[in-house]
Amino acid sequence: MDDQAHAARTLWNCLHDWWTMLAKEKRSLAAADDAIRQARKEIDWFGALPAQAAQAVLKTYFQAWKNCWDGRAGEPNFKARFRTVMSVDIPQGRDLNITRVHRRWGMVNIPRIGRVRFRWTKDLPVGKRANTENRITGARLVKDALGWHIAFRVQTLEPKPELHQGPEVGIDAGVNLPLALSDGNHRDHGRPPRLPGGKADRDKWLNPDEKAKLLHLERRAAQRKQHRGRGEKTSRRLQHTYDQIKQLRARATRRAVDWQHKTTTAIARHYGTVVVEQLNIKDMVKSAQGTIEEPGKNVAQKSGLNRSISQEAWGRTVTMLTYKTARCGGALHQVPAPGTSLRCSSCGCTTPGSREDQATFVCKNSDCGWSGNADWNAARNVLHQYWMGHALIPAAGRAVVRRPRGVKPATAR
């Protein structure tokens, strides 16, 4: 399976070089298919990848360019070995031959590999339950630090969801309080985001024993790295230590994603309209280091804040809410973010000094004096801004797909 993943990544890179170096009038799907067939005949280790998986790489590459032309993504680029997730696509569902052994395990047929056991975590349309409207169309194998995983693509016919009649809610994403809701039903992951010294806890998804083990492994890796000369190959012991660190990091990431899935599912099922801020996360996590002529201030504090923002993965939360609210019959809206955390949700005034610290908001307006949690105040402002109808922004995947300036439509191209 590792050989297939490396062959698929290399095939992508060769196809990318062939595409970028070829003249525009000679680029076509048929020419790319002929080039792949010729490469599989001339390069022996390309044969480790099944022909169907090679066609899936070609299809994915062309879809990446379509997404770029439509303004939904950037241009496809080179896939480096150490920065790319190892994966293999199985486009034909009939080749899988899935059978359920018992309640916890199942068996699947992987091309060029054979029968492989996998953990049965969700009901699949196999056997008598499969038909033309509800069937498995393919699968994808993905490898991380914890091993290989398989994800099945299921084609099913679902009825159009009825309009969700649930209440409306505004959500403010934060660091200390992950998701603050306007009705006060906040969502917290039960782990302290800050250490007693005020520093950000970058390993908050690990228990104390795992944190101690991670610290021990990091110190061991630093010690072994000192004995490696410049340009020398990484020793097997150091690589084994790196693999152990990756396993702990992958375990923490899996717990964070699990919390996000459960939280967003509960929100989508309970609320009919969900309103969030349109955050430019890329600019929010920029470094404050500055330049030699104009050095930045509080660089260490800003780097800790950037690490905490990246850990919360606000963009992934919005993506989950987008398709889950649509599946439940609700709607997701985005409103501009400036001013929501500084304006009082009771009187609507923005008075300097009202936000005393990260978690406390006290309105300095003499006629108001409202006080409460700062994130809760921002969530109420988000919902109020939606009620006022200030520059509503359609969520991704809904309403109209806007094309960037200078990009021609697909029909004209």
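Residues numbered from 1 in each chain as written. Predicted model: local features only at pLDDT ≥ 70, side-chain atom pairs only at ≥ 80, totals over all residues. Heavy atoms only, no water.

Q: What am I meant to see in the side chain of T340 here?
A: Mapped onto the elements of the fold, T340 is located in the loop between strand 10 (331–336) and strand 11 (360–362). Those residues in contact with T340 that sit more than four places away from it in its chain are E277, N377, A378, N381, V382 and Q385. (Helix = DSSP H or I, 4+ residues; strand = E, 2+ residues; numbered from the N terminus. Contact = heavy atoms within 4.5 Å.)

Q: Which parts of the structure should I look at to understand the layout of surface pockets?
A: Which parts of space are left empty comes out when a probe the size of a water molecule is rolled across the atoms. When its volume is computed, the largest pocket comes out at roughly 1600 Å³. Lining the largest pocket are 37 residues; nearest its centre among them are T121, K122, I150, A151 and F152. Secondary structure elements with two or more residues in the lining of the largest pocket: strand 3 (105–110), strand 4 (114–119), strand 5 (135–144), strand 6 (147–155) and helix 5 (236–270). Across the lining of the largest pocket, the residue classes tally to 20 nonpolar, six polar and eleven charged. Within this model, the second largest pocket holds a volume of roughly 1100 Å³. Lining the second largest pocket we find 30 residues, and of these R81, T84, V85, M86 and K143 sit closest to its centre. Breaking the lining of the second largest pocket down by element, the ones donating at least two residues are helix 1 (2–21), helix 3 (51–69), strand 1 (86–90), strand 5 and helix 5. (1 Å grid on protein atoms, 1.4 Å probe; cavity = no way out; pocket = protein on both sides within 12 Å on 5 of 7 lines; lining within 4 Å. Points joined across faces, edges and corners; volume = space filled by probe spheres on them. Nonpolar A, V, L, I, M, F, W, Y, C, P; charged D, E, K, R; others polar.)

Q: Explain the confidence of the model for the chain here, please?
A: Close reading of the predicted structure is inappropriate where its pLDDT is low. Scored by pLDDT, the chain has a mean of 84; 90% of the residues are at 70 or more. The spread of mean pLDDT over the elements of the chain runs between strand 13 (residues 393–394), the lowest at 46, and strand 3, the highest at 94. Here residues 390–403 is a poorly scored stretch, pLDDT under 50, and it has 24 contacts once near neighbours within four places are set aside; other chains count. (pLDDT = per-residue confidence, 0-100.)

Q: Which parts of the structure should I look at to understand the pattern of salt bridges?
A: Pairing between side chains of opposite charge can happen when the charged atoms of each approach one another. Following the criterion strictly, the structure yields twelve salt bridges and no others. A salt bridge links D89 to R153; the shortest N-O distance between them is 3.0 Å. With a gap of 64 residues between them, D89 in strand 1 and R153 in strand 6 connect regions that are remote in the sequence. Overall, the relative accessible area of 15% leaves D89 in the buried class. Each member of the salt-bridge network shares a partner with another, and the members are D89, R140 and R153. (Salt bridge = Lys/Arg side-chain N within 4 Å of Asp/Glu carboxyl O. Buried < 20%, exposed > 50% of the residue type's maximum accessible area, 1.4 Å probe, protein only.)

Q: Can you walk me through the sheet that holds strand 3 in this structure?
A: Paired through backbone hydrogen bonds, the strands of a sheet run either parallel or antiparallel to each other. Read from one edge to the other, the open sheet built from three strands follows the order 2-3-4, with strand pairing classed as antiparallel. Pairing within the sheet leaves two strands with one partner each, and these edge strands are strand 2 (99–100) and strand 4. For strand 3 and strand 4, the ladder comprises six bridges, and the chain directions are antiparallel. Its bridge partner being in strand 4, V108 is matched across the sheet by V116. (Pairing = 2+ DSSP bridges.)

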